[in-house]
Amino acid sequence: MGGRQFAPEAWLPFFERMENTGLGTVVRESIWAFPIIEAVHLLGLGLLGGALLLGDLRLWGTGLTRQPIAAVVRHGHPWLVAGVVLMFLTGIPLFLSEAVKCYYNTSFWVKMISLSVALGFTFGARRWIVGVAPPRADWRTRLVAAVSLGLWFTVAAAGRWIGFSG
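Scoring rules and cut-offs
Residues numbered from 1 in each chain as written. Predicted model: local features only at pLDDT ≥ 70, side-chain atom pairs only at ≥ 80, totals over all residues. Heavy atoms only, no water. Helix = DSSP H or I, 4+ residues; strand = E, 2+ residues; numbered from the N terminus. Buried < 20%, exposed > 50% of the residue type's maximum accessible area, 1.4 Å probe, protein only. Contact = heavy atoms within 4.5 Å. Areas by Shrake-Rupley, 256 points an atom, 1.4 Å probe, with all protein chains shown as cover. Lys, Arg positive; Asp, Glu negative; His and termini not counted. Charge placed at Lys NZ, Arg CZ, Asp CG, Glu CD. Core = buried A, V, L, I, M, F, W, Y, C linked by side-chain atoms within 4.5 Å. 1 Å grid on protein atoms, 1.4 Å probe; cavity = no way out; pocket = protein on both sides within 12 Å on 5 of 7 lines; lining within 4 Å. Points joined across faces, edges and corners; volume = space filled by probe spheres on them. Patch = residues over 30% accessible without salt bridge, like charges linked within 9 Å, V, L, I, M, F, W, Y side chains within 5 Å. Salt bridge = Lys/Arg side-chain N within 4 Å of Asp/Glu carboxyl O. Phe/Tyr/Trp six-rings, centres within 6.5 Å; stacked < 30°, edge-to-face > 60°.

Caption draft 1: Inspection of the overall build of the protein chain at higher detail. Broken down by element type, the protein chain carries seven helices and zero strands. Tracing the protein chain from N to C terminus, the helices and strands come up as α-α-α-α-α-α-α. Overall size of the protein chain, expressed as C-alpha extent along the three principal axes, is 55 × 30 × 20 Å. Classification of the 166 residues of the protein chain by burial places 39% in the buried group. Here the contacts in the protein chain between residues at least 6 apart in sequence split such that 81% fall between residues at least 24 apart. Total accessible area on the protein chain is roughly 9500 Å²; 71% of this is exposed by carbon and sulfur atoms. A distance of 17 Å separates the average location of the 14 positive side-chain charges in the protein chain from that of its 8 negative side-chain charges.

Below you can see the structure in the form of structure tokens.
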């Protein structure tokens, strides 16, 4: 497979080994495995996106304004974690089924980098600001909400673009 290279050449053998795993082969060769796993992956995206949107809108100062910021985010946290776990559990076999294609796909790398940053931000800075959040949204909570939404939008858009590029 040719194409423009985004990742170090030394990583290609690793991606080839990943694609040749038993799970990668089963998903790739099955008529139903990839679409079913993809559908469950999108359910995870719905859980993650819904929990993030509720929390980030509250951090922004809109939505559920009668509830304290910390309470809204705390109640959404289990759903957020469930969405992340579900997406990882389904994302791995999807990746294994086309690892070499992913290696050559810039959108894949944008997604992986932005996913790492978004996870760190969500479970680091966002979680911290929620713990010290004032009763009403202020410039700090709005900034955190904007950064969070921007990061997760980038993850979702890059993930969606993987299927259209490469």
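Alright, that's what it looks like, and here's the rest.
Caption draft 2: Seen up close, the nonpolar core. In this structure, L48, L59, L80 and W152 are the most contacted members of the largest nonpolar core, which totals 20 residues. For this core, the secondary-structure elements that each account for two or more residues are α3 (33-60), α4 (69-97), α6 (106-131) and α7 (139-162). No other element matches α6, which puts six residues into this core. In this view, L48 contacts W79, L80, G83, V84, M87 and W152; residues no more than four positions away in its chain are not counted. One finds L12, F15, A99 and Y104 within the second-largest nonpolar core, a separate group that totals 13 residues.

Caption draft 3: View of the layout of surface pockets. The calculated volume of the largest pocket comes to roughly 890 Å³. In this structure, the largest pocket is lined by 34 residues; those nearest its centre are H41, M87, K111, V155 and G159. Contributions of two or more residues to the lining of the largest pocket are made by α3, α4, α6 and α7. A total of ten residues in the lining of the largest pocket trace back to one element, the largest contributor, which is α3.

Caption draft 4: A look at a nonpolar patch on the surface. A surface patch of nonpolar side chains, amounting to about 320 Å² of accessible area, comprises V81, V85, L89 and F123. Take F123: it is sitting in helix α6. Classification of F123 as partly exposed rests on a relative accessible area of 31%.

Caption draft 5: Focus on the environment of G24. Within the fold, G24 resides in helix α2 (residues 22-29). Discounting chain neighbours no more than four positions away, the residues touching G24 are E19, L96 and S97.

Caption draft 6: Molecular detail of the pattern of salt bridges. Taken as a whole, this structure holds three salt bridges when the rule is applied. In this structure, D56 and R126 form a salt bridge, with 2.8 Å as the shortest nitrogen-oxygen distance. Here R126 lies in helix α6 and D56 lies in helix α3, a separation of 70 residues in the sequence. Comparing D56 with R126, the two get one shared label, buried. R140 is the salt-bridge partner of D138, the closest N and O atoms lying 3.1 Å from each other.

Caption draft 7: Structural view of the packing of aromatic side chains. One pass over the structure, following the stated rule, counts nine aromatic pairs. A connected cluster of aromatic rings, assembled from ring pairs, spans W11, F14, F15, F95, Y103, Y104, F108 and W109.

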